[in-house]
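If you want the building blocks of each chain, they are given just below.
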Amino acid sequence: MNLDFFPSRQVSFYMMRLFFTRTFAVLTMLVAILLTLDLLGESGDILAYAGNGDAELWHYAGLRAPQIAATFLPFSVLLGTLIMLATLNQNSEIISMKAAGLSAHQILAPLVVAALGVSVLSFVFNERIVVRSTAALSAWQAVDYGPIPTDSGVKANPWVRDGNNLVNVAIVAGRGTAVQLRKVEIYNRINNSLTTIVQAPKGHYDAANKSWVLENARQFDVARGTMRDVGTVRFGRDIRPDQFTLAKVDPDALTFTELQAAITDLRDAGRPTAELEGNLWHKIAGPLSAMLMPILGSVAAFGLARSGQLFLRAVMGMALGFAYFVADNFSLAMGSLGAYPPLLAAWSPFFLFLLVGETVLFRTEE
């Protein structure tokens, strides 16, 4: 029996090449189909803003495509693995490898290494591209696909309480006392009944008077149903700048280090951070799930193709892979509700299905 963990160099490169071509072919197909469907649903809203045209549609596609690719990369690894292993099994190539003395783990070893490379690529892709496109798309959608400020540190749609009143901002840019607000709405309430709504295109923090200033504001009287210009409005003397910048932290729009810094800021401000900590660790566990897919899909590789069970084995591998994604989403939801600790919410599905995959592999082949 071959005691090396990997098969020969030629066989390893051959299997890696098949793995990469099948995986990225499936990913390309999924992104093209899903992006087309998504664009059909959003094109009406994009073109509804005056002046938007084909350029804005392509801009939306450029921002949305990385999100779709990042979401469906693990699915593509699973489907690519199943297609590859089922084809090798049907062509008796798996039987030839086993006849040469290779074990199931030796046959899968090149695929696991290749999947680990995909995981690293996915993490870098998320950190460098996806978080930026997510932040830009969220900010663009917050202003109904109109112009957005070019300031750094953009955050979209936070809500802040000012006494009995509620303040909503479409775009928050900057940090500290340099925070700039865009598309501000103040819902003034008396005894929890809405009385007036103040709207302004922009606002900023006045550090000297420790208050917020709105420019070119308009006020809507709910009881009378009338709108009037009120000019400059001051509000929120008790609202700190960090309440806007930390009011809504979108983990999908922040890199690992940025989210870690935001969690530290929230913890220092006495805010709950368990949900964000789960998302922080999932930024590693999520991409690493690609490494599981060859193990979960390996059930399609072994067993005689002529026995008529190849299709059943492929369905079993697909079921195991999709069960992982269901468990992963469920675990994150439990972490958001506080039922699971952050580390358990992020990592328990990965290790659980690693054990499940190994158990299935040993029971069916080893």
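Let me begin by describing the structure that accompanies this report. (Residues numbered from 1 in each chain as written. Predicted model: local features only at pLDDT ≥ 70, side-chain atom pairs only at ≥ 80, totals over all residues. Heavy atoms only, no water.)

Take unusual backbone geometry next. Even without a glycine there, the phi angle at K183 is positive, about 55°. Within the element layout of this structure, K183 appears in strand β4 (residues 180-190). Under the relative-accessibility criterion, K183 is labelled partly exposed at 36%. (Helix = DSSP H or I, 4+ residues; strand = E, 2+ residues; numbered from the N terminus. Buried < 20%, exposed > 50% of the residue type's maximum accessible area, 1.4 Å probe, protein only.)

This part covers the pairing of strand β5 (residues 193-206). Two strands pair when backbone bridges link them, and β4 and β5 are joined in this way by 10 bridges, in the antiparallel orientation. What sits directly across from E185, in β5, is Q199. As consecutive antiparallel partners, β4 and β5 are separated by 2 residues, and within that stretch N191 has a phi angle of approximately 55°, a positive value. Bridge count for β5 against strand β6 (residues 211-221) is 9 bridges, and the pairing is antiparallel. The residue bridging Y205 from the neighbouring strand is W212, located in β6. The antiparallel pairing of β5 with β6 creates a hairpin that spans 4 residues between the two strands, and K210 there sits at a positive phi of about 50°. (Pairing = 2+ DSSP bridges.)

One ladder, built from 7 bridges, connects strand β3 (residues 165-173) with β4; its direction is antiparallel. Bridge pairing in β4 links V167 to I186. Connecting the antiparallel pair β3 and β4 is a turn made up of 6 residues, with G174 showing a positive phi of about 90°.

For the rest of this paragraph, the subject is the nonpolar core. Ranked by internal contacts, the top residues of the largest apolar core, which has 43 residues, are F19, M293 and Y324. Looking at this core, the elements that each hand over two or more residues are α1 (9-48), α2 (54-90), α3 (93-99), α4 (104-142), α8 (293-296), α9 (310-337) and α10 (342-364). With 12 residues, the single largest contributor to this core is α2. Discounting residues that sit within four places of it in the chain, Y324 has contacts with A285, S289, L292, M293, L296, P349, F350 and F353. V169, V172, A200 and A217 belong to the second largest nonpolar core, which has 18 residues in total. (Core = buried A, V, L, I, M, F, W, Y, C linked by side-chain atoms within 4.5 Å. Contact = heavy atoms within 4.5 Å.)

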